[in-house]
Amino acid sequence: MSLRHALLGLLSERPASGYDLLKLFETSLATAWPATQSQIYTELTKLAGTGLIKVTAEGPRGRKEYALTDEGLAELRHWLTETTPQRNTRSDILLRVFFLGVLTPEQARGYLTELVELSDEGYQSLRRLEESVDWDAGSLSVYGRISLEYGLRFNAMRREWAEWAAGQIT
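This one's a predicted model, so the numbers in the text were calculated from it and none came from an experiment.

Enquirer: Help me get a handle on the sheet that holds strand β1 (residues 16–17), residues and values and all.
Expert: An order of β1-β3-β2 is seen for the 3 strands of this open sheet, with the pairing classed as antiparallel. Looking at the sheet topology across the chains shown, the edges are occupied by β1 and β2 (53–58). Of the strand pairs in this sheet, β1 and strand β3 (residues 64–68) are connected by 2 bridges, and their pairing is antiparallel. Bridge pairing links alanine 16 to tyrosine 66 in β3. Contacts between helix α1 (residues 3–13) and the sheet are confined to β1, β2 and β3, with β3 contributing the most and set at about 90° to the helix.

Quick look at the structure:
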């Protein structure tokens, strides 16, 4: 996935400013694909330069509102249907687990206990997000909730696994 496609996807729902997109990232995509303000604005400039989005309104202090073009929608659809998702992901967490044997058993269990706490925090954060969003019948809400459920289940699974793993250390 790329920031490019995340922005195209968000703009497929409705036109938005860079600030609006930043807020949407914070409330919807941050757990799957975090992005900073400078990354978003840089990518918006590139997307406009290639004709995948266009500026539809300009306001005070340089505020620009962007909309998806037909070419941008075609690119988003192509990415969704014609490209294979990356299946191999790097995990700093699991790489560390692989080498926990160089620590004392207490240190290894401590690492896994921290992972339990991290998973609990992630789960609770997503629950708060779920309660704070005004969900509607739009596609971003429908598929956003599906994505959020993945995050909830992932954190619950990781917590359960970390508890089990800690019990394996003798």
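Enquirer: Can you lay out the packing of helix α6 (residues 105–132) against helix α7 (residues 139–168) for me, pointing to particular residues and giving the numbers?
Expert: The geometry of α6 relative to α7 is characterised by a closest axis approach of 8 Å and an angle of 160° between their N-to-C directions. On the basis of the axis angle, α6 is roughly antiparallel to α7. Here the hand of the crossing between α6 and α7 comes out left-handed. Residue composition of the contact of α6 with α7, grouped by class: 14 nonpolar, 4 polar and 8 charged.

Enquirer: I'd like a description of the packing of aromatic side chains, backed by residues and values.
Expert: A full pass over the atoms with the stated rule returns 2 aromatic pairs. Between the aromatic rings of phenylalanine 98 and phenylalanine 99, the centroid separation amounts to 5.2 Å while the plane-to-plane angle is 85°, which identifies the pairing as edge-to-face. The class of phenylalanine 98 is exposed, set by a relative accessible area of 67%. You can call phenylalanine 99 partly exposed: its relative accessible area is 46%. Residues tyrosine 150 and phenylalanine 154 carry aromatic rings whose centres are separated by 6.3 Å and whose planes lie at 15° to one another, so their mutual orientation is stacked.

Enquirer: Lay out the pairing of β3 with the relevant residues and their values.
Expert: In this structure, β2 lies alongside β3, joined through 5 bridges in antiparallel fashion. Bridging from a neighbouring strand, isoleucine 53 pairs with leucine 68 of β3. The antiparallel pairing of β2 with β3 creates a hairpin that spans 5 residues between the two strands, and arginine 61 there sits at a positive phi of about 55°.

Enquirer: Requested: an account of the nonpolar core, with residues and values cited.
Expert: Counting 20 residues, the largest nonpolar core has Leu7, Leu11, Leu21, Phe25, Ile40, Leu44 and Ile53 as its most contacted members. If sequence neighbours within four positions are ignored, leucine 44 has contacts with Leu7, Leu11, Gly18, Leu21, Ile53 and Tyr66. With 9 residues, the next largest nonpolar core counts Leu100, Ala108, Val116 and Ala166 among its residues.

Rules used throughout
- Residues numbered from 1 in each chain as written.
- Predicted model: local features only at pLDDT ≥ 70, side-chain atom pairs only at ≥ 80, totals over all residues.
- Heavy atoms only, no water.
- Pairing = 2+ DSSP bridges.
- Helix = DSSP H or I, 4+ residues; strand = E, 2+ residues; numbered from the N terminus.
- Contact = heavy atoms within 4.5 Å.
- Axes fitted to C-alpha atoms, helices over the stretch in contact; angles between N-to-C directions.
- Parallel < 35°, antiparallel > 145°, perpendicular 65-115°, else oblique.
- Left-handed = near helix turned anticlockwise from the far one by under 90°.
- Nonpolar A, V, L, I, M, F, W, Y, C, P; charged D, E, K, R; others polar.
- Phe/Tyr/Trp six-rings, centres within 6.5 Å; stacked < 30°, edge-to-face > 60°.
- Buried < 20%, exposed > 50% of the residue type's maximum accessible area, 1.4 Å probe, protein only.
- Core = buried A, V, L, I, M, F, W, Y, C linked by side-chain atoms within 4.5 Å.

Function-wise, these values are silent; they only describe arrangement.
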